Amino acid sequence: MATSEPKAAEAEDQQADGQVVANPEQYIKHPLQNRWALWYFKNDKSKSWTENLRLISKFDTVEDFWALYNHIQQPSKLGFGCDYCLFKDGIKPMWEDERNKLGGRWLMTLNKQQRHNDLDRYWMETLLCLVGESFDEASEEVCGAVVNVRPKGDKISIWTSNCQNREAIMTIG
Ligand code: MGP
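Position numbers for residues count from 1 along each chain, tracking the sequence in the order it is written. Residues qualify for local features only when their pLDDT is at least 70, as the model is predicted, and side-chain atom pairs are given and counted only at 80 or more; totals for whole chains, interfaces and linings, by contrast, use all residues. Excluded from the side-chain calculations are hydrogens and water; all other atoms, namely the structure's heavy atoms, are used.

The next thing to look at is the overall build of the chain. Scanning the chain for helices and strands turns up four helices and eight strands. The C-alpha atoms of the chain give a radius of gyration of 20 Å, which is well past the 16 Å a tight globule of 173 residues would have. In terms of its C-alpha atoms, the chain occupies a principal-axis envelope of roughly 65 × 35 × 30 Å. Counting over 173 residues, the chain shows a buried share of 39%. Any two residues whose heavy atoms approach within 4.5 Å at even a single point are treated as in contact. The contacts of the chain with a sequence gap of at least 6 include a subset with a gap of at least 24, amounting to 65%. Here the open area of atoms and residues is found with the Shrake-Rupley method and a 1.4 Å probe, where only the protein chains shown may cover a residue. Surface accessibility of the chain: about 11200 Å² in total, with carbon and sulfur atoms responsible for 50%. For the chain, the distance from the average position of its 21 positive side-chain charges to the average position of its 26 negative side-chain charges is 13 Å. Secondary structure elements are defined from DSSP: runs of H or I of at least 4 residues count as helices, runs of E of at least 2 residues count as strands, and each element is numbered from the N terminus. With C-alpha atoms as the basis for the radius of gyration, the globule rule is written as 2.2 Å multiplied by the number of residues raised to the power 0.38. The cut-offs for exposure are 20% and 50% of the maximum accessible area for each residue type, with area from a 1.4 Å probe on protein chains only; residues under the lower value are buried, those over the upper are exposed, and the others partly exposed. Positive charges come from Lys and Arg, negative ones from Asp and Glu, while His and the chain ends are left out of the count. Throughout, a charge is located at the NZ atom of Lys, the CZ atom of Arg, the CG atom of Asp or the CD atom of Glu.

Structural data, given as structure tokens:
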């Protein structure tokens, strides 16, 4: 029996001369506006704060973002004292960085129950706001985001680059 199902996007197209041309949609990754770096912090008391901070990986496409996101533990599975930081490439996730030191942060504090109910979803939504440049022009002001897993309650923050830039900061908030 014939069906009228639409055909899925073809991986290859056959031209009139018989040549087969690959469909770019099938192999070109979708670029993000910025390259991002994901960092991991593990609280080892024998080391300094800076030594405990590790770069995991960088990405600049939608596909590489999801590959990394799906490969790592969700924040709710991390041990106490651990952090993830997602920052624009070139900005270190520390107060001392030139792009952070005149800035500030929007901070969301979560209660203990929210670790199981909300933390992972809020963090994923924060990541999508960053890589998707969701704040229009104010996205320029964004340096990165941090999730802190703490016994007293977890935190998610968005770090911005200039605390004087009120309009952009309010848009981001
Ligand atoms: P924290 O990890 O941001 O918060 O800072 P936590 O653990 O919830 O503690 P609280 O102080 O907010 O209650 C903990 C400590 O890590 C700070 O007091 C600093 O000693 C160190 N630290 C954190 N940050 C983000 C930095 C940083 O950017 N630079 C340096 N040098 N130390 C930092």
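A separate point is helix H1 (residues 62–71). Note: α-helices contain 3.6 residues per turn, so residues at a spacing of three or four share the same orientation. Residues of H1 that are buried include every one of Phe 65, Leu 68 and Tyr 69, and no others. Projected down its long axis, H1 shows its buried positions confined to an angular sector of 100°, all on one face. Residues of H1 that are exposed and angled more than 90 degrees away from the buried face: Asn 70 and His 71. Among the structural elements, strand E3 (31–41), strand E4 (53–61) and helix H3 (119–131) are those in contact with the buried residues of H1. By definition, the arc is the one covered by directions from the helix axis to the C-beta atoms.

Time to look at the environment of Gly 90. Along the chain, Gly 90 turns up in the loop between strand E5 (83–88) and strand E6 (104–109). Taking the C-alpha atoms as reference points, Gly 90 and Trp 36, separated by 54 residues in sequence, lie 8.6 Å from one another.

Right, let's talk about the pattern of salt bridges for a bit. For this document, the term salt bridge refers to a Lys or Arg side-chain nitrogen within 4 Å of an Asp or Glu carboxyl oxygen. Following the criterion strictly, the structure yields eight salt bridges and no others. Its salt-bridge partner being Lys 101, residue Glu 98 comes within 2.8 Å of it at the nearest N-O pair. Given a relative accessible area of 59%, Glu 98 falls into the exposed group. You can call Lys 101 partly exposed: its relative accessible area is 48%.

Time to look at the side chain of Gln 114. Mapped onto the fold, Gln 114 is located in helix H2 (residues 114–117). Residue class for Gln 114 comes out buried when judged on its relative accessible area of 17%. In this structure, Gln 114 is in contact with Thr 109, Leu 119 and Tyr 122, ignoring residues within four places of it in sequence.

A score between 0 and 100, pLDDT records how confident the predictor is in each residue. With 92% of its residues at a pLDDT of 70 or more, the chain has an overall mean of 92. Counted against residues more than four places away or in other chains, residues 1–9, with its pLDDT under 50, gives one contact.

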